[in-house]
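Residue-level listing of the chains:
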Amino acid sequence: MSDPRGSQNRFVLIGLVGASVIAALVVAGVLRSFPREPEPYTVIGFNPMTADDVSDQFFLVAPEMLTAVYEAFNETGEAEIYDSLARVAAEEALEALYLERVGAMAGGGLNPSEEADQEIHTMEMIRIDNRRDGETFTWDARWRVVGTVGHTTHLHVRGNIYAAILTLEPVDGSWRFTDFELTDVDRAEAGQFVPADDNE
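Residues numbered from 1 in each chain as written. Predicted model: local features only at pLDDT ≥ 70, side-chain atom pairs only at ≥ 80, totals over all residues. Heavy atoms only, no water.

1. Some details on the environment of Glu 78
Argument step 1. For Glu 78, the position within the fold is in helix H3 (residues 78-85).
Argument step 2. Not counting chain neighbours up to four residues away, the residues in contact with Glu 78 comprise Tyr 98 and Val 102. (Helix = DSSP H or I, 4+ residues; strand = E, 2+ residues; numbered from the N terminus. Contact = heavy atoms within 4.5 Å.)

Okay, structure coming up:
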């Protein structure tokens, strides 16, 4: 003869397990109903920023990040160039910028070699339009760069204006350019000659 108390205990146990499952599902549903706290990511020159912060201050973030790119371009060692660029660029943007700097900025740009090296003096933002898709930003930007290419006896001043489509996303906990599509280069201000002795 079966023990009725054993059956009752089994029913109680099953009931408790079922109640626990239902409670867990309810809690999970409630937690999902609350909006997730925006994630802040590090960004060069600023305190960590959420996507909302970047959207509010993109006109300040963009020139700071582009300045960091040109500071990396002022480096002369390949490892230093790469490491400096990696602070603000990743994926295709990092590769493209690194190869451009190390290879040569051809066609009137700044061309590093043993006899000549470059120095970027100023970077000025002319225009920037911001588009956002979640945590991905697309910036249609135009800016001016003034720098010099130095030789043994003279310097050439470069005052190029660049336009590019820039993509900014969080990568490994930091805001970085992931695409850097150059769309136009205006070299109308390039080519001024300055004797090197005047700049010592």
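2. Remarks on unusual backbone geometry
Residues apart from glycine generally show negative phi values, whereas peptide bonds are mostly found in trans.
Argument step 1. Its identity as a non-glycine residue notwithstanding, Glu 91 has a phi of 55°, on the positive side.
Argument step 2. You can see Glu 91 is positioned in helix H4 (residues 91-103).
Argument step 3. With relative accessibility at 51%, the residue Glu 91 sits in the exposed group.
Argument step 4. Positive phi is not limited to glycine here, since Asp 172 has a value of about 55°.
Argument step 5. Residue classification places Asp 172 among the exposed residues on the basis of a relative accessible area of 76%. (Buried < 20%, exposed > 50% of the residue type's maximum accessible area, 1.4 Å probe, protein only.)

3. So, the confidence of the model for the protein chain
Any region with low pLDDT has predicted coordinates that should not be read closely.
Argument step 1. In the predicted model, the protein chain carries a mean pLDDT of 77, and the fraction of residues at 70 or more is 64%.
Argument step 2. No element of the protein chain has a lower mean pLDDT than strand S7 (residues 192-195), at 46, and none a higher one than strand S2 (residues 46-49), at 96.
Argument step 3. Taken together, the stretch residues 104-116 has pLDDT below 50 and engages in 30 contacts with residues farther than four places along the chain or on a different chain. (pLDDT = per-residue confidence, 0-100.)

4. A few points about the side chain of Arg 101
Argument step 1. The topology assignment puts Arg 101 in helix H4.
Argument step 2. Assessed through its relative accessible area of 3%, Arg 101 is described here as buried.
Argument step 3. Among the polar contacts made by the side chain of Arg 101, one reaches the main-chain carbonyl oxygen of Glu 75 at a distance of 2.9 Å. (Polar contact = N/O pair within 3.5 Å; in protein donor to acceptor, adjacent residues only side chain to side chain.)

5. A short note on the pattern of salt bridges
Argument step 1. On inspection of all chains with the given rule, the structure shows 5 salt bridges.
Argument step 2. In this structure, Asp 52 and Arg 132 form a salt bridge, with 2.8 Å as the shortest nitrogen-oxygen distance. Pair noted here: Asp 52 is in helix H2 (residues 51-73) and Arg 132 is in strand S3 (residues 117-133), with a separation of 80 residues, a long-range link.
Argument step 3. Take Asp 52: its relative accessible area is 40%, and that puts it in the partly exposed class.
Argument step 4. A salt bridge links Arg 142 to Asp 184; its shortest N-O distance comes to 3.3 Å. Of the two residues, Arg 142 is situated in strand S4 (residues 136-150) and Asp 184 in strand S6 (residues 174-186); the sequence distance between them amounts to 42 residues.
Argument step 5. In this structure Arg 142 comes out as partly exposed when scored by relative accessible area, which is 23%.
Argument step 6. For Asp 184, a relative accessible area of 32% translates into the label partly exposed.
Argument step 7. Residues joined by salt bridges that share partners form a network here, namely Arg 127, Asp 129 and Asp 140. (Salt bridge = Lys/Arg side-chain N within 4 Å of Asp/Glu carboxyl O.)

6. Some points on the packing of H2 against H3
Argument step 1. In the contact formed by H2 and H3, the axes pass within 8 Å of each other and the chain directions differ by 170°. Of the possible angle classes, the one that applies to H2 and H3 is roughly antiparallel. On H3, the residues that touch Val 69, Ala 72 and Phe 73 of H2 are Ile 81, Ser 84 and Leu 85.
Argument step 2. Split into classes, the residues belonging to the contact of H2 with H3 amount to 5 nonpolar, 1 polar and no charged. (Axes fitted to C-alpha atoms, helices over the stretch in contact; angles between N-to-C directions. Parallel < 35°, antiparallel > 145°, perpendicular 65-115°, else oblique. Nonpolar A, V, L, I, M, F, W, Y, C, P; charged D, E, K, R; others polar.)

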